[in-house]
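# Structural features, examined
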Amino acid sequence: MNTTERRRGTIVRRIVDRSFGFIRDPATNEEFFFHAADLENCEFPSLDDGEIVSFVARTTAKGPRAEQVRRLGG
C-alpha cells in the first residue's frame, strides 16, 4: 500500500489532546491513523470530524497510516 497515489477520506475522529486522529476511506472502509505532523495545508485544531481530506496511504509496523494529509474544499 506504499504508493504516491492520493486517496480521499473522511476525518472520523480526532484525539485533540494527543494531536492525532483517524481517516476512513469510504471505498474500502479502512481507517488510517494520522498525526498533526502529517497535515500539509491546515492546522490540526482547525480540522473537524466529518471533513473530507486527501492523503497518501502507507503501511507501517503499527498499521495503516495517512501521510501528506490535505484538507479539500473551503
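Report on the accompanying structure.

## What to know about the nonpolar core
Soluble, globular proteins show a tendency: their nonpolar side chains are buried together. Among the nonpolar cores identified, the biggest contains 13 residues, and I23, F34, L39, F55, A66 and V69 are the most heavily contacted of them. Only β3 (30-35), β4 (52-60) and β5 (63-71) provide two or more residues apiece to this core. Beyond its immediate chain neighbours, meaning those up to four positions away, I23 contacts G9, T10, I11, V12, E30, E31, F32, F34, V53, F55, A66 and V69.

## A word on the pattern of salt bridges
Within this structure, the stated rule accounts for 8 salt bridges. One salt bridge in this structure joins D25 and R7, with 2.7 Å as the shortest N-O distance. Here R7 lies in strand β1 (residues 6-15) and D25 lies in strand β2 (residues 20-25), a separation of 18 residues in the sequence. Considered together, D25 and R7 belong to a single accessibility category, that of buried residues. The residue R13 makes a salt bridge to E31 at a minimum N-O spacing of 3.2 Å. Of this pair, R13 sits in strand β1 while E31 sits in strand β3, and the two are 18 residues apart along the sequence. Using a relative accessible area of 36% as the deciding quantity, one classes R13 as partly exposed. Residue E31 is classed as partly exposed on the basis of its relative accessible area, which comes to 24%. Through salt bridges with shared partners, a single network forms among R13, R24 and E31.

## So, the packing of aromatic side chains
The tally for this structure, following the rule as stated, stands at 5 aromatic pairs. Here the aromatic rings of F20 and F33 are separated by 5.4 Å at their centres, their planes lie at 40°, and the arrangement is tilted. Here F33 lies in strand β3 and F20 lies in strand β2, a separation of 13 residues in the sequence. Overall, F33 belongs to the partly exposed group, its relative accessible area being 24%. Between F34 and F44 the ring centres are 6.1 Å apart and the planes differ by 50°, which places this aromatic pair in the tilted class.

About the cut-offs
Residues numbered from 1 in each chain as written. Predicted model: local features only at pLDDT ≥ 70, side-chain atom pairs only at ≥ 80, totals over all residues. Heavy atoms only, no water. Core = buried A, V, L, I, M, F, W, Y, C linked by side-chain atoms within 4.5 Å. Buried < 20%, exposed > 50% of the residue type's maximum accessible area, 1.4 Å probe, protein only. Helix = DSSP H or I, 4+ residues; strand = E, 2+ residues; numbered from the N terminus. Contact = heavy atoms within 4.5 Å. Salt bridge = Lys/Arg side-chain N within 4 Å of Asp/Glu carboxyl O. Phe/Tyr/Trp six-rings, centres within 6.5 Å; stacked < 30°, edge-to-face > 60°.

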